[in-house]
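An overview of the molecular structure
This is what each chain is made of:
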Amino acid sequence: MKLTLLDIVQDILNDMDGDEVNSIDDTFESTQVAQIVKTCFFEMMSNRNWPHLRRSIGLVASGNAAYPTHMSIQEDVKELCFINYNKAKSGETRRVYQAVRWVEPDDFLRVTNNRNSDKDDVDVIQDYTGVELLILNNTAPTYFTSFDDKNLVFDSYDKTVDSTLQQSKVQAQAYVMPTWESVDDHVPDLPSEAFSALVEEAKRTAMFKLKQVVDGVASLKADRQQRWLSRKAFSVEGGIQYPNYGRRGASSRRDTTFRKDY
């Protein structure tokens, strides 16, 4: 069952023998507990890639002919999963979405540095960092990288189609960090089965920070919930089946959260 922030704060205060409140802002203690819930929530969001946070995103194109193959991601993007780009050529009306592969920055430079800067199909541009890059101008992108974990650089573009890469031609998915509102009726962006883990983790933290007491029951429940969630963080997918070499004929189940995306 999903709970509001006020529900969670009231539950924790009840176990702490705190004052009854009708709003998270009623007492200094309730405000502290609400902040602890927020901190625990974002810790939970950061320690795994939750399937419900994977969604389609837009990339921000530079729109600047000086940076024809530069795009950027929004601040709330936790991890980029894949990028497809419409590689239709000039005069073609059919969409041709194909994957653009990630490469490490050193591999990206190794590939692009093999190009002849004297040829007409190679543009010499400067990255935002001032580093020169050799970019093809007669074909859609094949590879991309990032030198600062925010701005993406693609290896080519087709100037007969567009003067820069276009946001409208991108298909991309990423794990996106959720938003938070410190108001009574805010419902944390979690699957229903994860609320128990959030409550017990916040309860354990609040008891220690505000009361200097270790709540053994809350700690036991929090650990149990976190172990369970580490195995099950999906709703739609059934997880990936992996061989279990300890038992014949059996298979182990792994949370799709830890799947590597290609």
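Above: the structure in question.
The structure contained in this document is the topic of the report that follows. (Residues numbered from 1 in each chain as written. Predicted model: local features only at pLDDT ≥ 70, side-chain atom pairs only at ≥ 80, totals over all residues. Heavy atoms only, no water.)

Helix and strand content of the chain: 5 helices and 12 strands. Taken over 262 residues, the chain has a buried fraction of 40%. Intrachain contacts of the chain at a sequence separation of at least 6 include 62% that bridge at least 24 residues. (Helix = DSSP H or I, 4+ residues; strand = E, 2+ residues; numbered from the N terminus. Buried < 20%, exposed > 50% of the residue type's maximum accessible area, 1.4 Å probe, protein only. Contact = heavy atoms within 4.5 Å.)

Within the fold, T205 resides in helix α4 (residues 195-211). Beyond its immediate sequence surroundings of up to four residues, T205 is in contact with I36 and C40.

Turning next to the pattern of salt bridges. Evaluated as defined, the whole model comprises 9 salt bridges. Among the salt bridges present, the one from K169 reaches D162, with a minimum N-O distance of 2.7 Å. With its nearest N and O atoms 3.8 Å apart, the salt bridge here joins E200 to K203. Taken as a pair, E200 and K203 lie in helix α4 at a separation of 3 residues, close to a single helical turn. (Salt bridge = Lys/Arg side-chain N within 4 Å of Asp/Glu carboxyl O.)

Once that is clear, we can look at the sheet that holds strand β4 (residues 77-86). The strand order across the open sheet built from 8 strands is β1-β10-β4-β5-β8-β9-β3-β2, with neighbouring strands paired in mixed fashion. The open sheet is flanked by β1 (54-57) and β2 (60-61), the only strands paired with a single partner. Judged from the 3 bridges that link them, strand β3 (residues 70-72) and strand β9 (residues 151-154) form a sheet pairing that is antiparallel. By the bridge assignment for β9, H70 is matched with V153. Seen against the sheet, helix α3 (residues 105-112) touches β5 (97-102), β8 (143-146) and β9 and runs at an angle of roughly 130 degrees to β8. (Pairing = 2+ DSSP bridges. Axes fitted to C-alpha atoms, helices over the stretch in contact; angles between N-to-C directions.)

Moving on, we come to the packing of aromatic side chains. This model, assessed by the stated rule, comprises 7 aromatic pairs. Consider the rings of F41 and F42, whose centres lie 5.1 Å apart with planes at 75 degrees: the pair is edge-to-face. According to the relative accessible area criterion, F41 is buried, its value standing at 0%. Centroid distance F42 to W180: 6.3 Å. Interplanar angle 55 degrees. Geometry classified as tilted. Within this pair, whereas F42 is found in helix α2 (residues 28-46), its partner W180 is found in the loop between β10 (170-176) and α4, the two being separated by 138 residues in sequence. Given the relative accessible area of 23%, F42 is considered partly exposed. Look at W180 and you get buried, because its relative accessible area is 14%. Counting every residue linked through ring pairs, the aromatic cluster contains F41, F42 and W180. (Phe/Tyr/Trp six-rings, centres within 6.5 Å; stacked < 30°, edge-to-face > 60°.)

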